[in-house]
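In case you want the letters, here they are:
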Amino acid sequence: MQQQTAEQNTKSEYTDFLDKIELLISNPKNSYTIEELVQFLGTDSKMIILFLFTFIPRLPSPPWGFGFETIPGGVFSLIVSIIGLFGIPLDKLMKYLPTSIRNISLDVHILKQNRMMAGYYINKIKSVFRDRMKFIVNPVTEKLIYLLVIPFAILMMIPLILTNWFPSLSITFLSLSWLLNDGFFLIISIIVGALILLFYV
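Basis of the calculations
- Residues numbered from 1 in each chain as written.
- Predicted model: local features only at pLDDT ≥ 70, side-chain atom pairs only at ≥ 80, totals over all residues.
- Heavy atoms only, no water.
- Helix = DSSP H or I, 4+ residues; strand = E, 2+ residues; numbered from the N terminus.
- Buried < 20%, exposed > 50% of the residue type's maximum accessible area, 1.4 Å probe, protein only.
- Contact = heavy atoms within 4.5 Å.
- Areas by Shrake-Rupley, 256 points an atom, 1.4 Å probe, with all protein chains shown as cover.
- Core = buried A, V, L, I, M, F, W, Y, C linked by side-chain atoms within 4.5 Å.
- Axes fitted to C-alpha atoms, helices over the stretch in contact; angles between N-to-C directions.
- Parallel < 35°, antiparallel > 145°, perpendicular 65-115°, else oblique.
- Left-handed = near helix turned anticlockwise from the far one by under 90°.
- Nonpolar A, V, L, I, M, F, W, Y, C, P; charged D, E, K, R; others polar.
- Expected span 1.5 Å × (residues − 1).
- Polar contact = N/O pair within 3.5 Å; in protein donor to acceptor, adjacent residues only side chain to side chain.
- Phe/Tyr/Trp six-rings, centres within 6.5 Å; stacked < 30°, edge-to-face > 60°.

Novice: Honestly, the overall build of the protein chain in this entry has me stumped. Any pointers?
Specialist: Counting secondary structure elements, the protein chain contains 11 helices and 2 strands. The proportion of buried residues among the 201 residues of the protein chain is 43%. Long-range pairs, those at least 24 residues apart, make up 81% of the contacts in the protein chain with a sequence separation of at least 6. Carbon together with sulfur atoms contributes 68% to the accessible area of the protein chain, which is approximately 10900 Å² in total.

Novice: How should I be thinking about the environment of leucine 52 in this particular structure?
Specialist: By the element assignment, leucine 52 lies in helix 3 (residues 45-55). Of the residues examined, leucine 52 reaches a relative accessible area of 1% and is grouped as buried. Measuring from C-alpha to C-alpha, the distance between leucine 52 and serine 77 comes to 9.9 Å, with 25 residues separating the pair along the chain.

Novice: When you look at unusual backbone geometry in this model, what are you seeing that I'm missing?
Specialist: Backbone phi values are negative for most residues with the exception of glycine, while trans is the configuration of most peptide bonds. Although it is not a glycine, methionine 133 adopts a positive phi angle of roughly 45°. If you trace the backbone, methionine 133 turns up in the loop between helix 8 (115-128) and helix 9 (139-156). A positive phi angle, near 55°, is found at asparagine 181, a position not held by glycine. Structurally, asparagine 181 is set in the loop between helix 10 (161-179) and helix 11 (183-200).

Novice: Is there a simple way to explain the nonpolar core in this structure?
Specialist: A general feature of soluble globular proteins is that nonpolar side chains tend to end up buried together. With 49 residues, the main nonpolar core has Phe17, Ile21, Phe51, Leu52 and Leu186 as its most contacted residues. Sorting elements by how many residues they give to this core places helix 3 first, with 8 residues. Excluding residues within four positions of it along the chain, isoleucine 21 makes contact with Ile48, Phe51, Leu52 and Ile122.

Novice: Explain the side chain of serine 45 here, please?
Specialist: On the secondary structure map, serine 45 appears in helix 3. Apart from residues no more than four positions distant in its own chain, serine 45 is found in contact with Val38 and Leu90.

Novice: What is the right way to read the packing of helix 2 (residues 34-41) against helix 3 from this model?
Specialist: When two helices pack together, their arrangement is captured by the angle between the axes and the distance separating the axes. Their axes nearest at 9 Å, the elements helix 2 and helix 3 cross at an angle of 125°. If you check the angle between helix 2 and helix 3, you find them oblique. Between helix 2 and helix 3 lies a crossing of right-handed hand. On the side of helix 2, the interface is formed by Ile34, Leu37, Val38 and Leu41, while helix 3 contributes Ser45, Ile48, Ile49, Leu52 and Phe53. Broken down by class, the residue content of the contact of helix 2 with helix 3 amounts to 8 nonpolar, 1 polar and no charged.

Novice: When you look at helix 4 (residues 71-85) in this model, what are you seeing that I'm missing?
Specialist: Think of an α-helix as 3.6 residues a turn; residues three or four steps apart then line up on the same face. Look at helix 4: 21 Å from first C-alpha to last across 15 residues, which is about the 21 Å you get at 1.5 Å a residue. For helix 4, the complete set of buried residues consists of Gly73, Gly74, Phe76, Ser77, Val80, Ser81, Ile83 and Gly84. Of the residues trailing helix 4, glycine 87 is marked for its positive phi of about 65°.

Novice: Honestly, the side chain of serine 168 in this entry has me stumped. Any pointers?
Specialist: With respect to the secondary-structure elements, serine 168 resides in helix 10. In this structure the side chain of serine 168 is engaged in a polar contact, spanning 3.2 Å, whose partner is the backbone oxygen of threonine 54.

Novice: Before we go on, may I ask you to explain the packing of aromatic side chains in this structure?
Specialist: Each aromatic ring pair is described using two quantities: the centre-to-centre distance and the angle formed by the ring planes. Tallied over the entire structure, the rule returns 5 aromatic pairs. When the ring of phenylalanine 53 is compared with that of phenylalanine 76, the centres are 4.6 Å apart and the planes differ by 25°; the resulting orientation is stacked. Of the two residues, phenylalanine 53 sits in helix 3 while phenylalanine 76 sits in helix 4, which places them 23 residues apart along the sequence. Comparing phenylalanine 53 with phenylalanine 76, the two get one shared label, buried. Their ring planes at 35° and their centres at 4.7 Å tell us that phenylalanine 129 and phenylalanine 185 sit as a pair that is tilted. Of the two residues, phenylalanine 129 sits in the loop between helix 8 and helix 9 while phenylalanine 185 sits in helix 11, which places them 56 residues apart along the sequence. Phenylalanine 185 shares its class with phenylalanine 129; the two are buried. Every member of this aromatic cluster is reached through a ring pair, and the members are Phe129, Phe184 and Phe185.

Okay, here's the thing in structure tokens:
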């Protein structure tokens, strides 16, 4: 009985994240301020913001040229990872930030324009990721993710194609593995992420 309840709770957490992404796509709004995202996404807002700011720029859209499209994601990934290292809840932090920062927005119209592709990715995520090795998903690995994200975010801010695509993809998989409680993929993402950092060093 207890095992069944735990499975139901895990399933609700799993679908909750994906449901929120699908709600962002189906909602008439084309952009959300940082404050709105934090309120909407709840306790996992840091990881979800990392996912969104690295996933959306890889969807088909008019390129900025020279890899500049990953710079905003790099900036926000750096900020969120530093906040995550200090363990500060974003909803509490919002109260102390100036309005100009709280009102910075994330444009999600690309998700809407690529609704079918976004749906395809969501279905793929559901088929590949599993709730397994959940003991790996713990506060220690969460801090490790933020530590890895910091150099990746800096690389994303360098407007060169070879310096931003792989770091961006690494952040996407790190945050996604954490959000879906997939300890197996989280370990793989951490190892691959460390190898990518060694490559750039």
